[in-house]
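Spelled out from the first residue to the last, the chains are:
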Amino acid sequence: MRTGAAGPTLVLVVAAGVLVGCGVTLLMERSLTRILLGVILLGNGVNALILLGGRAGAAPLVGTAPAGTLSDALPQAMILTAIVITFGLTAFLLAVSYRSWYVTGDDEVPDDIEDRQVRQAAERNEPAAADFGGEGPDADPEQVDPEPPGRFRRGDGPG
């Protein structure tokens, strides 16, 4: 990866950048399969960037080499943790994608009604309305604070 005091090779930096760029591009798609591939590529690209940040050297075992020539163990530990997290997220997205395919026969994420209304308002250069439901601020359960539950006094409650 590194030779002497020189930094990381340009090939590895470009490869990590391409992986991250392709991963982010795939995350913007509507297909769950492409989103899954984007998460995998993004995770591998970030792992490569973390690896490039560490110091190269001998194995980080005390007593095997002088202390100044040991490699940095922190990026290696961070990469192992990131691999486990990426694997868990990949397994979850694979299960969601499979369930979507099994139920609907398609893995594309559909638009919400509110998403369509916001997109149409943006195309007409209108500001988005605050309440798309039409029920008004007093009847909207998301806009009105509920009453706090009453406290029972001794003898008022059941039993």
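Quick summary incoming for the structure in this document. (Residues numbered from 1 in each chain as written. Predicted model: local features only at pLDDT ≥ 70, side-chain atom pairs only at ≥ 80, totals over all residues. Heavy atoms only, no water.)

**Considerations on the packing of aromatic side chains**
Then, in step 1: Summed over all chains, the structure comprises one aromatic pair.
Then, in step 2: Between the aromatic rings of Tyr98 and Tyr102, the centroid separation amounts to 6.1 Å while the plane-to-plane angle is 25°, which identifies the pairing as stacked. Taken together, the positions of Tyr98 and Tyr102, both in helix H3 (residues 73–104) and four residues apart, correspond to about one turn of that helix. Here the two residues Tyr98 and Tyr102 agree in accessibility, since each one is exposed. (Phe/Tyr/Trp six-rings, centres within 6.5 Å; stacked < 30°, edge-to-face > 60°. Helix = DSSP H or I, 4+ residues; strand = E, 2+ residues; numbered from the N terminus. Buried < 20%, exposed > 50% of the residue type's maximum accessible area, 1.4 Å probe, protein only.)

**Digging into the environment of Leu70**
Then, in step 1: Within the secondary structure, Leu70 is located in the loop between helix H2 (32–52) and H3.
Then, in step 2: Residue Leu70 is classed as buried on the basis of its relative accessible area, which comes to 15%.

**Quick look at H3**
Then, in step 1: Across its 32 residues, H3 extends 46 Å between first and last C-alpha, which sits within 8% of the 46 Å expected from 1.5 Å per residue.
Then, in step 2: Turning to H3, its buried residues number three or more, namely Pro75, Ile79, Ala82, Thr86, Thr90, Leu93, Ser97 and Ser100.
Then, in step 3: For H3, the secondary structure elements touched by its buried residues are H2.
Then, in step 4: A positive backbone phi angle near 80° is found at Gly105, which sits one or two residues after H3. (Expected span 1.5 Å × (residues − 1). Contact = heavy atoms within 4.5 Å.)

**A few points about the packing of helix H1 (residues 10–27) against H2**
Then, in step 1: Two numbers describe how H1 lies on H2: the axes approach to 7 Å, and their chain directions differ by 155°. As the angle between them shows, H1 and H2 are arranged roughly antiparallel. Helix-helix and strand crossings are classified by hand; for H1 and H2 the assignment is left-handed. (Axes fitted to C-alpha atoms, helices over the stretch in contact; angles between N-to-C directions. Parallel < 35°, antiparallel > 145°, perpendicular 65-115°, else oblique. Left-handed = near helix turned anticlockwise from the far one by under 90°.)

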